[in-house]
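Descriptive analysis of the structure
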Amino acid sequence: MQLEGVVGVDDVKISLQRFGWPDYTVFGLMLISCSLIGVYFGFIKKKPKKGSEEADNYLVGGRKMQIFPIAMSLIATYISGITLLGTPTEIYVFGVQYMYIMIGVYIVAIIMTFVFLPVFHDLKLTSTYEYLEMRFDKRVRMLGSIMFILATMAWLPIVIYVPALAFNQVTGINVHLITPLVCLVCIFYTCVGGLKAVVWTDVVQTFVMFGAIILVMIKGTRDVGGIDVLWQRAVDSGRIEGPDFTLDLRTRNTFFSVVIGGMVYWLKSNAISQNMIQRYLSVPTLSAARKALWIFTIGVSFLIIFCGYCGLLIYAVYHDCDPLTTKLAKAKDQLLPLLVMDILGDFPGLPGLFVAGVFSAALSSLSTGLNSMSAVFLEDFFRAFSKEPLSQKKTAYIMRGVVVILGVLCVCLVFVVEKLGTVLQLSMSLGSIANGPLLGIFTMGVMLPWVEGTGAVVGAVSGLLIMAWICFNAQVAIASGELKFPTKPVATNGCTYTFVPGEPMSMLAINVTELDVMASVPPEEEGFSIFHISYLWYVLLGMIITISVALIVSFIHGANKPSSLKPKLLAPFVRRIIWKKSHESDSTQGMGNSNDLILSSQDHSKIDAIDLKTIS
């Protein structure tokens, strides 16, 4: 953008805030369409009359949902505004090392296909945490449910805050004015329409997301001079780089931390999360769930790649005038909205489409989180402790009441999130406090039949406390400046406006700077601290602590006999291994243990029948 005369950064900010009535119209149409979908499934579409069927229909769509909308909903659920805005920021600030997480994404899909999905789908669960009571006991179920709610409530305010940042960048409207309005719409259609409304709004929102990000890619690449120019600028700045095979756990992004640590993080977010599993359980068969999983994996990988490309595009556009140094963007995660207004601001309606895409990602994640917590509260707290079956009226009040109360609470927590840091790392760090122990519990459940209830509880609590201690001290270290991360170089020698970073009284521009002056001390010059490990290792560390403690306690307290467990509670390959060894062991003991032999043979027959049904 060319501006006449000497102008300051504030003048440029105002000139870029060209969100006109066509943009508000596009944005408003997205919100209205979501509300209408909620009205259709809440008031027009015929609903079942029985209380149990009411819950089944509201929470899992009667288990008759189709593959394509569920796959689209999975994409919309996982790709929140955190991903749409956080991933480009990650690439702009730290380079493409994070993109190697795509390897871990496909590993997760394989693990889910053969380990977790067969177990959950065979059991016909509504709440994922019902499994924990079947496998361990009610204590573990309650602990798992509480950790899920805590992790989700730490994540959702960030999901809401991110698109509000985008809206603030393009309009200047305060984030705390727009978040209540948008959340009210989300709470409404989630409350009245249930899972079906959530899924079908997700379908609409997924297409809006893809359309918005592709539009930015095409127009931005054209304006910058083509892919060749973009690529060369990225190479020259060191943002294009090969795998970093450093073994230092303190290095923020390495090939191992991104692939292994990122894979474990994705595994938790997809394989055991109520948000995702609730959708897989809404399709009628395991085969359909697996197809939805792979459509989701392919779709989400494309969207992540598109977001990474936008990070390189941001640098190509601002390679000689970093908007973070000049304070043109007040927060790192406003970089993509700034780019949008710079390249699309002259086209009425297009900025509105982008903002609608970002808010679509947020709405889908928020609605999913609220619907999932509604399922957990109903199944794991109210029904689990109710002495008599809940009526249809009580069931409806509970499910919808949870959505409203927690939705309002999430809006209030946005005030807390506003004071914290970069959203991508923040969301992964805070969520890891509970996510590591949760993944550890479920992994022990399906793969380690020796672990019993007391061991699982002690292991999970240990993992939770240790990870809370580590994450809290890590955030303190970041806030104090003790923990810093090396960033890619930026420059300001090409700026056409005046600014002074950190010195508002001066009008002189600087030539070259490092983003946020975050040069880190070389690892060999500082001692190792557990607080300084990369945030990508958090979930894996929490899982290892939980499993290790649980195994020790279980063998001290009295480990399970594997063959005593119901086969459906274990992963298919574990079923075959355990019951094969049990049968062989019993066979060598002769007629003296004939009763055990008969029981083992019966169990073996059962597991063979189950394997034929679930694995073939």
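Residues numbered from 1 in each chain as written. Predicted model: local features only at pLDDT ≥ 70, side-chain atom pairs only at ≥ 80, totals over all residues. Heavy atoms only, no water.

Considerations on the nonpolar core
If you look at the biggest cluster of nonpolar residues, it comprises 194 residues, and the most contacted ones within it are Phe27, Tyr131, Val216, Trp266, Tyr280 and Phe296. Counting residues per element, this core draws most heavily on helix α9 (residues 175–224), which supplies 20 residues. For phenylalanine 27, the contacting residues outside a window of four places in its chain are Phe167, Ile178, Val182, Gly352, Val355, Ala356 and Phe359. (Core = buried A, V, L, I, M, F, W, Y, C linked by side-chain atoms within 4.5 Å. Buried < 20%, exposed > 50% of the residue type's maximum accessible area, 1.4 Å probe, protein only. Helix = DSSP H or I, 4+ residues; strand = E, 2+ residues; numbered from the N terminus. Contact = heavy atoms within 4.5 Å.)

A few points about helix α13 (residues 286–317)
The terminal C-alpha atoms of α13 lie 46 Å apart, and with 32 residues this matches the ideal 46 Å at 1.5 Å per residue to within 8%. Burial analysis of α13 places 24 of its 32 residues in the buried class, which makes it a mostly covered element. (Expected span 1.5 Å × (residues − 1).)

Comments concerning a nonpolar patch on the surface
Taken together, the side chains of Tyr106, Ile110, Phe114, Trp294, Ile298 and Phe302 present a nonpolar region at the surface, about 560 Å² in accessible area. Elements that contribute at least two residues to the nonpolar patch include exactly α6 (101–123) and α13. The topology assignment puts isoleucine 298 in helix α13. The partly exposed category is assigned to isoleucine 298, whose relative accessible area is 40%. (Patch = residues over 30% accessible without salt bridge, like charges linked within 9 Å, V, L, I, M, F, W, Y side chains within 5 Å. Areas by Shrake-Rupley, 256 points an atom, 1.4 Å probe, with all protein chains shown as cover. Salt bridge = Lys/Arg side-chain N within 4 Å of Asp/Glu carboxyl O.)

Concerning the confidence of the model for the chain
Averaged over all residues, the pLDDT of the chain equals 79, while 83% of them reach at least 70. Low pLDDT (under 50) marks residues 502–525, which in the prediction has 40 contacts with non-local residues, meaning those over four places away or in another chain. (pLDDT = per-residue confidence, 0-100.)

Remarks on the environment of glutamate 418
If you trace the backbone, glutamate 418 turns up in the loop between α16 (392–417) and α17 (423–447). Relative accessible area serves as the criterion here: at 30%, glutamate 418 is assigned to the partly exposed category. In this structure, the C-alpha to C-alpha distance between glutamate 418 and histidine 176, residues 242 residues apart in sequence, is 9.9 Å. Once residues within four sequence positions are removed from consideration, glutamate 418 is found in contact with Tyr161, Val175 and His176.

Examining the state of the cysteines
Following the criterion strictly, the structure yields one disulfide and no others. At a sulfur-sulfur separation of 1.9 Å, the disulfide partner of cysteine 321 is cysteine 495. Here the disulfide of cysteine 321 and cysteine 495 is right-handed, its torsion about the S-S bond being about 105°. In this pair, cysteine 321 sits in the loop between α13 and α14 (335–344) while cysteine 495 sits in the loop between β1 (489–491) and β2 (512–514), placing the two residues 174 residues apart along the sequence. When sorted by exposure, cysteine 321 lands in the same class as cysteine 495, which is buried. Counting only cysteine sulfurs, cysteine 410 is the nearest neighbor of cysteine 412, a cysteine outside any disulfide, at a range of 9.2 Å. Given the relative accessible area of 45%, cysteine 412 is considered partly exposed. (Disulfide = S-S within 2.5 Å.)

Comments concerning the packing of helix α5 (residues 81–94) against helix α15 (residues 350–385)
Running from N to C, α5 and α15 point in directions that differ by 120°, and their axes come no closer than 6 Å. The pairing of α5 with α15 is recorded here as oblique in orientation. Residue-level contacts link Gly81, Leu84 and Leu85 of α5 to Phe354, Gly357, Val358, Ala361 and Ala362 of α15. Its residues placed into classes, the contact of α5 with α15 shows six nonpolar, two polar and no charged. (Axes fitted to C-alpha atoms, helices over the stretch in contact; angles between N-to-C directions. Parallel < 35°, antiparallel > 145°, perpendicular 65-115°, else oblique. Nonpolar A, V, L, I, M, F, W, Y, C, P; charged D, E, K, R; others polar.)

As for α6
Look at α6: 31 Å from first C-alpha to last across 23 residues, which is about the 33 Å you get at 1.5 Å a residue. Bending of α6 peaks at approximately 50° at the position of methionine 112. Among the 23 residues of α6, 17 are classified as buried, and the element is accordingly described as predominantly covered. Looking at the residues trailing α6, positive phi occurs at lysine 124, about 55°. (Bend = angle between axes of the 7 residues up to and from the residue.)

Focus: the side chain of asparagine 275
Assignment of secondary structure puts asparagine 275 in helix α12 (residues 274–280). You can call asparagine 275 buried: its relative accessible area is 7%. Reaching out from asparagine 275, the side chain makes a polar contact with the side chain of serine 372 at a distance of 3.0 Å. Setting aside anything within four residues of it in sequence, one finds asparagine 275 in contact with Thr77, Phe148, Trp155, Thr368, Gly369 and Ser372. (Polar contact = N/O pair within 3.5 Å; in protein donor to acceptor, adjacent residues only side chain to side chain.)

Considering the pattern of salt bridges
Tallying each qualifying case throughout the model produces nine salt bridges. Residue arginine 139 pairs with aspartate 137 through a salt bridge whose shortest N-O separation is 2.8 Å.

Brief notes about the environment of valine 93
Turning to its location among the elements, valine 93 is positioned in helix α5. Between the alpha carbons of valine 93 and lysine 332 there is a distance of 8.7 Å; along the sequence they are 239 residues apart.

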